[in-house]
Amino acid sequence: MAKQNGHRAERSGGGTRRINGRLLARLIGEAPVERPYYLAIARSVSGLVLDGRVPTNTRLPAERDLAAALGVSRNTVTAAYAWLRDNRFLESRQGAGSWTVLPDSGTSEPSPFIPTAEHIDLGVAAPPAVEGLRAAAFQAAERLSAHVGGLGYYPYGLPELRHAIARRYVERGLPTTPEQIFVTNGSQQGVALAVDMLLQSGDEVLVESPTYPHALDAIRQAGARVRTVGVTPQGWDMEYLVDAFRQWKPGLAYLIPDFQNPTGALMDDDERRILVREARRAGTHLIIDESVAELAIDSGDLPAPVAAHDTDGRVLTVGSVAKLLWGGLRVGWVRTTPPMVARLMAIRQRFDLAGAVMDQLTATHLLADVLRIRAERSRQLRRNRDVLLRALRERLPDWRPSVPGGGLVLWTTLPHPVASALATASVRHGVHPAAGPVFGADGTLERYLRLAYTQPPDVLTDAVERLATAYTETLVHPVQPRGQLYV
Ligand SMILES: Cc1ncc(COP(=O)(O)O)c(C=O)c1O
């Protein structure tokens, strides 16, 4: 284990990952073209760094290589690198090359999760309890009589719940036995336990940028060095992802391929196959977070779980009922091999002996009706997503929101890098969005905001009015606060 150090410094200097000229030229090529060309290149590279698509501490190609890949003169690239250095996006050292940095990057403190009832909270992506929860709780109380004569401790999870979870994987196309299921108190506990079990001293951990902040906290607090690959609402740049596995050979990778939090991206079957193939080649364990995998909004076939491509037990799948049923039911799980289930149990027992039987009975009861519940959630979320999108289009037409096909949040691009300042101003107007940097590994993502659509339509419409007022105010007084975290 690599617990001892806490969060290590991310910026060792000198750049430990390289990006070659051809790949960088391709990423730059997606940017709008402006003149002079050196400035277009420099702005595009700084944008890629700010958006987390080229991570900080990445060694850029030699000037002549990038010039050749872009088909421009070397002087153009020299001028672009000089601009990046002047604007503190690049550091260089004789003999060591040039690597990407941010002027003020990173936070080592975990991001606090404190939901608030004082504001319209678009920062917390948690829907109210599903219909039928109370009835299921009464049923669970009835079924409790079968358990009260026993000890009440089920260290691996309640047997009937392990069955129900395994059955659901089988229905989704992934053969699974109850012995492969380890029940946890929510998926966050599953992520933290899996990281604890799998992380070796000195390991690097690959995560998406943006990603789920509490998973990032768990990884950092375990002492890992974090590496990022960019993801956008359009998905993963698979060439970049493959390159990351081959260059870094990370010990561990944490990804959210199903309605990725916060971008909403969905990885297709082919990409899942490539992901597992590269993990196998690199000797990487994969933690796949399926917390919102059951929350498809639009119709259409869903890809099989990532673990369906696994042949040697390197994929650990984390799941939860928090988003499908209710966050107040603290029930999640890890799907892995039976020997790993035993190891997870031993680690958990250092601080928590077992989950609550009542919660597990309630979840078991509701999971028997999973298809009806999925359909109900899907209707609710489609209505809410569409209301939020319509309100944004009307009131904030220059924002560019994603249209997620599932999950609970949309990820919007802002025309200016003011997300943290806007989040602070919004709170003054009674609404609570999540600023992009909360989801970044290193202070990037100031051009993004995450908005949850778990509130009813009238509340969402009101929230957008308030956001619009706060946005106008922010553009007039563009203050950039640091250290404000809303999850
Ligand atoms: C991607 C992801 N993972 C894990 C969690 C934690 O969920 P739980 O309440 O099951 O611990 C969340 C909750 O927002 C999430 O979005």
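What counts, and at which threshold
- Residues numbered from 1 in each chain as written.
- Predicted model: local features only at pLDDT ≥ 70, side-chain atom pairs only at ≥ 80, totals over all residues.
- Axes fitted to C-alpha atoms, helices over the stretch in contact; angles between N-to-C directions.
- Helix = DSSP H or I, 4+ residues; strand = E, 2+ residues; numbered from the N terminus.
- Left-handed = near helix turned anticlockwise from the far one by under 90°.
- Contact = placed C-beta atoms within 7 Å.
- Pairing = 2+ DSSP bridges.
- Buried ≥ 20, exposed ≤ 12 C-beta atoms within 10 Å, placed from the backbone.
- Parallel < 35°, antiparallel > 145°, perpendicular 65-115°, else oblique.

Colleague: What is the right way to read the packing of helix α6 (residues 159–171) against helix α12 (residues 357–367) from this model?
Modeller: Two packed helices can be described by the angle between their axes and the distance between those axes. Packing of α6 against α12 brings their axes to within 9 Å, and their N-to-C directions diverge by 35°. Crossing geometry of α6 relative to α12 is assigned as left-handed. For the pair α6 and α12, contact is made by E160, L161, A164 and R168 and by Q360, A363, T364 and L367, respectively.

Colleague: What should I look at first to understand the sheet that holds strand β14 (residues 400–401) in this one?
Modeller: Within a sheet, neighbouring strands are paired by backbone hydrogen bonds and run either parallel or antiparallel to one another. Taken in spatial order, the four strands make up an open sheet running β14-β15-β18-β17, and their pairing is antiparallel. Since the sheet does not close on itself, it has two edges, and those belong to β14 and β17 (434–435), each with one partner. Inspection of the sheet shows β14 paired to strand β15 (residues 409–413) by two bridges, in the antiparallel sense. Residue pairing across strands places P401 opposite T412, the latter belonging to β15.

Colleague: How do you make sense of helix α8 (residues 213–221) when you look at a structure like this?
Modeller: One full turn of an α-helix is made of 3.6 residues, so residues set three or four places apart face in the same direction. Counting buried positions along α8 gives seven out of nine residues, so the element sits mostly inside the fold. Residues of α8 that are buried include every one of P213, A215, L216, D217, A218, I219 and R220, and no others. Of the surrounding secondary structure, the elements contacted by the buried residues of α8 are α7 (187–198), β7 (204–209), β8 (225–232), β10 (252–255) and β11 (285–289).

Colleague: Just checking my understanding: could you explain the pairing of β7 for this structure?
Modeller: On a regular strand, one side chain projects to one face of the sheet and the next to the other, so that they alternate. Burial analysis of β7 places five of its six residues in the buried class, which makes it a mostly covered element. Relative to β10, β7 runs parallel, the two sharing three bridges. Across the sheet, the residue bridging to V205 is L252, located in β10.

Colleague: What's the story with the packing of helix α13 (residues 370–395) against helix α15 (residues 457–476) in this structure? I'm lost.
Modeller: The interhelical angle for the contact between α13 and α15, taken along N-to-C directions, is 25°, at an axis separation of 9 Å. What the angle tells us is that α13 and α15 run roughly parallel. Taken as a pair, α13 and α15 cross one another with a handedness that is right-handed. Within the contact between the two elements, α13 uses R383, N384, V387, L388, A391, L392 and R395 and α15 uses P457, L460, T461, V464, E465 and A468.

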